[in-house]
Amino acid sequence: MKVFGICGSPRAGGTDYAVNYALGLLKEKGCETRYFTVRGKAINFCIHCDYCMREKKGCVHKDALIEFYDGMLWADGVIFGTPCYQGALSGQTKTLMDRCRAILAKDPLILKGKVGMGLAVGGDRCGGQELALQTINNFYIVNEMYPAGGGSFGANLGGTLWSHDKGKDGVAADEDGLRTVRKTAKRFYDM
């Protein structure tokens, strides 16, 4: 299984740690992995100009997303990790999803059948993680992917982590949150 881990945080820290933790679990099971982060990259918003629909040559923006598109096409499974901003996912994570229109315009079924997993890191225990995961899972459903939750009793929609506003150190110390990642990664792998 080829797994593409995506970090939608512009900062190093908690979300990076969470995505790499999940990728590490999957590497232990024999998966091949790749990692992409938005940090330090110039990424334009989708402007819904319809260039991708008309030309079928990708996006009008020629920016840092070439690597992202390659990873999305390469992968059998995708992990979107996002920090929670204002009770939902980051704008950077949403921009990546919006910009997938460029690869879907070439082939609307290009993501069909892939498995998707979501991770959300909040500064508070209830900092918007569930809403962020619903948005990630909606992206998977809309594109005919299979969203993997962690199952009942603690990881319903995916991995939910609490950083205590301490970045990597906070996430690494959140044993309850890491348990949700382990449960979700197991389901993801099994799917």
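Our structure's up above, just so we're on the same page.
Residues numbered from 1 in each chain as written. Predicted model: local features only at pLDDT ≥ 70, side-chain atom pairs only at ≥ 80, totals over all residues. Heavy atoms only, no water.

**Some details on the overall build of the protein chain**
- When its secondary structure is counted, the protein chain shows eight helices and seven strands.
- Compactness check: the protein chain gives a C-alpha radius of gyration of 16 Å against a globular reference of 16 Å for 191 residues, within 12% of the reference.
- For the protein chain, the distance from the average site of its 25 positive side-chain charges to the average site of its 20 negative ones is 3 Å. (Helix = DSSP H or I, 4+ residues; strand = E, 2+ residues; numbered from the N terminus. Rg over C-alpha atoms; globule rule 2.2 N^0.38 Å. Lys, Arg positive; Asp, Glu negative; His and termini not counted. Charge placed at Lys NZ, Arg CZ, Asp CG, Glu CD.)

**Examining unusual backbone geometry**
- A positive phi angle is found at Lys 56, which is not glycine, with a value near 55 degrees.
- Mapping Lys 56 onto the fold places it in the loop between helix 2 (51-55) and helix 3 (65-74).
- Lys 56 sits in the partly exposed class, given a relative accessible area of 41%.
- A positive phi is found at Glu 144, a non-glycine position, where the angle reads about 60 degrees.
- Mapped onto the elements, Glu 144 comes out in the loop between helix 6 (129-142) and strand 6 (146-148). (Buried < 20%, exposed > 50% of the residue type's maximum accessible area, 1.4 Å probe, protein only.)

**Re the nonpolar core**
- Among the nonpolar cores identified, the biggest contains 32 residues, and Ile 6, Phe 68, Met 72, Phe 80 and Phe 139 are the most heavily contacted of them.
- Those residues in contact with Phe 68 that lie beyond four places of it in its chain are Phe 4, Ile 6, Phe 36, Phe 80, Leu 96 and Cys 100.
- Core analysis: the second largest hydrophobic core is formed by 21 residues, Val 3, Met 117, Leu 161 and Ala 185 among them. (Core = buried A, V, L, I, M, F, W, Y, C linked by side-chain atoms within 4.5 Å. Contact = heavy atoms within 4.5 Å.)

**Describing the state of the cysteines**
- Scanning the entire structure with this criterion turns up zero disulfides.
- Of the cysteine sulfurs around Cys 46, a residue in no disulfide, the closest is that of Cys 52, at 6.7 Å.
- The partly exposed category is assigned to Cys 46, whose relative accessible area is 30%.
- The structure places no disulfide on Cys 126, whose sulfur is separated from the nearest cysteine sulfur, that of Cys 84, by 10 Å. (Disulfide = S-S within 2.5 Å.)

**Notes on empty space enclosed by the protein**
- For the coordinates displayed, the defined rule picks out one cavity of 30 Å³ or more.
- For the largest cavity, the calculated volume is near 90 Å³.
- As for the largest cavity, its lining consists of 15 residues, of which Cys 46, His 48, Cys 49, Cys 52 and Cys 59 are closest to the centre.
- Broken down by secondary-structure element, the contributors of at least two residues to the lining of the largest cavity are helix 2, helix 4 (91-99) and helix 5 (101-106).
- Its residues assigned to classes, the lining of the largest cavity comprises nine nonpolar, two polar and four charged. (1 Å grid on protein atoms, 1.4 Å probe; cavity = no way out; pocket = protein on both sides within 12 Å on 5 of 7 lines; lining within 4 Å. Points joined across faces, edges and corners; volume = space filled by probe spheres on them. Nonpolar A, V, L, I, M, F, W, Y, C, P; charged D, E, K, R; others polar.)

**Brief notes about helix 1 (residues 14-28)**
- Helix length check: helix 1, at 15 residues, gives a terminal C-alpha distance of 21 Å against a target of 21 Å (1.5 Å per residue), a fit within 8%.
- Among the residues of helix 1, Gly 14, Thr 15, Asp 16, Ala 18, Val 19, Ala 22, Leu 23, Leu 25 and Leu 26 are the ones counted as buried.
- Directly beyond the C-terminal end of helix 1, a positive phi value near 100 degrees is found at Gly 30. (Expected span 1.5 Å × (residues − 1).)

**Description of the side chain of Thr 37**
- Within the secondary structure, Thr 37 is located in strand 2 (residues 32-37).
- Overall, Thr 37 belongs to the buried group, its relative accessible area being 8%.
- Discounting chain neighbours no more than four positions away, the residues touching Thr 37 are Cys 7, Ser 9 and Asp 16.

**Description of the pattern of salt bridges**
- The tally for this structure, following the rule as stated, stands at eight salt bridges.
- Ionic pairing is found between Lys 186 and Asp 190, a salt bridge with its closest N-O pair at 2.8 Å. Placement of the pair is Lys 186 and Asp 190 together in helix 8 (residues 175-190), with a separation of four residues, close to one helical turn.
- By relative accessible area, which is 47% here, Lys 186 ends up partly exposed. (Salt bridge = Lys/Arg side-chain N within 4 Å of Asp/Glu carboxyl O.)

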